Amino acid sequence: MELSAAGDDHFEQMLKPCGERVPNPLNDRWINDLTDADLASLYQDMVVIRRLDTEATALQRQGELALWPPLLGQEASQVGAARALQKKDFIFPSYRESGVLVLRGVSPTELMRVWRGSSTTTWNPYDHNVASPQIIIGAQTHHAVGYAMGLGMDGEEAAAVSFFGDGATSQGDVNEAMVFAATYHAPAVFFCQNNHWAISEPVGLQSQTHIADRARGFGIPAVRVDGNDVLAVLAVTRRALEQARHGGGPFFIEAVTYRMGPHTTADDPTRYRDQGELEHWKGRDPLDRMAKYLAQSGADMKQIEKDAQAAADEMAAVVRAEIKQTVEPTARDLFTHVYSEEHPRINEQRDHYEAYLQQFGDSLDGNGANGTGAGGSAGAAR
């Protein structure tokens, strides 16, 4: 079974799959402040995020969501990275960083409404310092570096973090973003979740060496970290952010993890992935690893698991109740948030579309004699 052409055993690690703590002089000081409650909270975060993923997948199968990009198996990468961030840092995510977004304060229901097709985004990016998830592969790295350059020019002690998968590193956008980040010494952190599959193509097909090595070619320091080890991810991300915030320039993190589910709910991974590979990675499950570590440390795992399950159940119940109350957009909503201020050209386009719909007895508000209603107009417009 070939997991990667470059291999996967050369990375920074603090927890072995069996839960044993690995001393790491470079990283230990970055997590020495964690209390027993903090460690339990990291585990609970991962349980809640896994439940979010499970619930969203079920909602898609039940027709409540149009699509969902699962993150099963990548919880440690997302929780560790999210918990390393400070409020002033700005996040530029791809479509799979649902865990990061929720831990930054985005409501799970708000997030799912995007995947329901009810909105392109449902939150103000500045409320959480989280940009809208980017569907175009790698495009968010440009946005992140541009924002980071602005932070540097303003003398802000903050960083911009872009999240993307291993497949995105083959895109020109990501490479161009690294050129600008290195050239302008921008406080940008590139966080690559190497989950081994870019849709149906294995990472070894795209890169004959470690992905982190690509960043070094641009003069950007880089590190590979065990992406299923939440403590190692937290420590490494804290290191990277500290460097970026204080004039050290950009940093690249390759979190070696695994996508245990499909690329999206429209994908069938059994057509291209060997079952033995999946079983291998189940043995590296990030939740099991943290649970074993807590138990070996003398923590009350029964209580921790009870609290985590209660938090997950509460989140799931709220999402299910709220998603069914979603008010679907009308065609008028297409013209509402194109610009921050009213724009005459947009108003002209809106009026033209209104006149077009009236030919069929309908309107931008979805009210008309033909009975299509909001769903008909908005659906056609989307």
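Residues numbered from 1 in each chain as written. Predicted model: local features only at pLDDT ≥ 70, side-chain atom pairs only at ≥ 80, totals over all residues. Heavy atoms only, no water.

Now for the packing of aromatic side chains. Remark: the centre distance and the inter-plane angle together describe each pair of aromatic rings, the angle taken between the planes. Scanning all chains against the criterion turns up 15 aromatic pairs. Ring plane angle 75 degrees and centroid distance 6.4 Å describe the contact between Trp68 and Trp115, whose orientation is recorded as edge-to-face. Residue Trp68 is located in the loop between helix H1 (36-61) and helix H2 (75-84), and its partner Trp115 is located in helix H4 (residues 108-116); the two are separated by 47 residues in the primary sequence. Between the aromatic rings of Phe163 and Phe191, the centroid separation amounts to 5.1 Å while the plane-to-plane angle is 45 degrees, which identifies the pairing as tilted. Of this pair, Phe163 sits in strand E2 (residues 160-165) while Phe191 sits in strand E3 (residues 188-194); the two residues are 28 residues apart in sequence, bridging distant segments of the chain. Phe191 carries the same exposure label as Phe163, and that label is buried. Each member of the aromatic cluster is reached from another via a ring pair, and the members are Phe90, Phe92, Tyr126 and Tyr147. Stacked on the ring of Trp281, the Lys or Arg Arg284 has its end atom at 4.7 Å from the ring centre. (Phe/Tyr/Trp six-rings, centres within 6.5 Å; stacked < 30°, edge-to-face > 60°. Helix = DSSP H or I, 4+ residues; strand = E, 2+ residues; numbered from the N terminus. Buried < 20%, exposed > 50% of the residue type's maximum accessible area, 1.4 Å probe, protein only. Lys NZ or Arg CZ within 6 Å of the ring centre and 35° of its normal.)

Let us now look at a nonpolar patch on the surface. A cluster of nonpolar residues, Val179, Phe180 and Tyr184, forms a patch on the protein surface that exposes about 310 Å² of accessible area. Inspection of the secondary structure assignment puts Phe180 in helix H7 (residues 172-183). A residue is classified by how much of its surface remains accessible, and Phe180, at 44% relative accessible area, is partly exposed. (Patch = residues over 30% accessible without salt bridge, like charges linked within 9 Å, V, L, I, M, F, W, Y side chains within 5 Å. Areas by Shrake-Rupley, 256 points an atom, 1.4 Å probe, with all protein chains shown as cover. Salt bridge = Lys/Arg side-chain N within 4 Å of Asp/Glu carboxyl O.)

So, on to the pairing of strand E7 (residues 251-256). The buried count for E7 comes to six of six residues, which makes it a mostly enclosed element. Burial of E7 is two-sided: the residues Phe251, Ile253 and Ala255 facing one way and the residues Phe252, Glu254 and Val256 facing the other way are all buried. Relative to E7, E3 is paired through six bridges, and the arrangement is parallel. Within E7, the residue paired with Cys192 across the bridge is Glu254. Where strand E6 (residues 222-226) and E7 come together, five bridges link them in parallel fashion. Bridged to Val225 within E7 is Ala255. In this view, the connection linking E6 to its parallel neighbour E7 by way of helix H10 (residues 230-245) has right-handed handedness. (Pairing = 2+ DSSP bridges. Right-handed = clockwise from strand over helix to strand, strands pointing away.)

In this section: the pattern of salt bridges. The final tally for this structure, using the stated rule, is 24 salt bridges. For Asp33, the salt bridge identified is with Arg238, shortest N-O distance 2.8 Å. You can see Asp33 sitting in the segment before H1 and its partner Arg238 sitting in helix H10, a full 205 residues away along the chain. Notably, a salt bridge pairs Arg245 with Asp89, separated by 2.7 Å at the nearest N-O pair. Here Arg245 is found in helix H10, whereas its partner Asp89 is found in the loop between H2 and strand E1 (90-92), with 156 residues between them in sequence. On the accessibility criterion, Arg245 (7% relative accessible area) is buried. Residue Asp89 is classed as buried on the basis of its relative accessible area of 0%. Each of Arg51, Glu55, Asp313 and Arg320 takes part in salt bridges that share partners, so that together they form one network.

Of the voids in this model, the second largest pocket is the one considered here, and its volume is about 280 Å³. Contributing to the lining of the second largest pocket are 19 residues, with Tyr95, Ile137, Gly165, Gly167 and His263 lying nearest its centre. Those elements giving two or more residues to the lining of the second largest pocket turn out to be E2 and strand E4 (197-198). Of the residues belonging to the lining of the second largest pocket, the class tally is seven nonpolar, nine polar and three charged. (1 Å grid on protein atoms, 1.4 Å probe; cavity = no way out; pocket = protein on both sides within 12 Å on 5 of 7 lines; lining within 4 Å. Points joined across faces, edges and corners; volume = space filled by probe spheres on them. Nonpolar A, V, L, I, M, F, W, Y, C, P; charged D, E, K, R; others polar.)

Turning our attention to the packing of H1 against H2. Packing of H1 against H2 leaves a shortest axis separation of 9 Å and a crossing angle of 125 degrees. Between H1 and H2, the crossing angle belongs to the class labelled oblique. The two elements H1 and H2 cross, and the hand of that crossing is right-handed. Judged by residue contacts, Leu42, Asp45, Met46, Ile49 and Arg50 of H1 engage Glu75, Ala76, Val79 and Arg83 from H2. Looking at side-chain class alone, the contact of H1 with H2 contains five nonpolar, no polar and four charged residues. (Axes fitted to C-alpha atoms, helices over the stretch in contact; angles between N-to-C directions. Parallel < 35°, antiparallel > 145°, perpendicular 65-115°, else oblique. Left-handed = near helix turned anticlockwise from the far one by under 90°. Contact = heavy atoms within 4.5 Å.)

A few words on the sheet that holds E3. Pairing in this open sheet of five strands is parallel, and the strands run E1-E2-E3-E7-E6 from one edge to the other. Edge strands, defined here as strands with exactly one partner in the open sheet, are E1 and E6. Averaged over all pairs of adjacent strands, the angle between strand axes in this sheet comes to 20 degrees, irrespective of strand direction. Where E2 lies against E3, six bridges are found, and the strand directions are parallel. Paired with Phe164 across the two strands is Cys192, which belongs to E3.

Before going further, it helps to examine H10. Compared with the 22 Å implied by 1.5 Å per residue over 16 residues, the 22 Å span of H10 between its first and last C-alpha is a close match. The buried count for H10 comes to 14 of 16 residues, which makes it a mostly enclosed element. Structurally, the start of H10 carries an N-cap: the backbone nitrogen of Leu231 is 3.1 Å from a side-chain oxygen of Asp229. In the stretch just after H10, Gly247 is the one whose phi turns positive, near 85 degrees. (Expected span 1.5 Å × (residues − 1). Polar contact = N/O pair within 3.5 Å; in protein donor to acceptor, adjacent residues only side chain to side chain.)

A positive phi angle is found at His196, which is not glycine, with a value near 80 degrees. With respect to the element layout, His196 can be found in the loop between E3 and E4. Of note, the phi angle at Ile199 is positive, near 55 degrees, even though the residue is not glycine. When you line up the elements, Ile199 lands in the loop between E4 and strand E5 (201-202).

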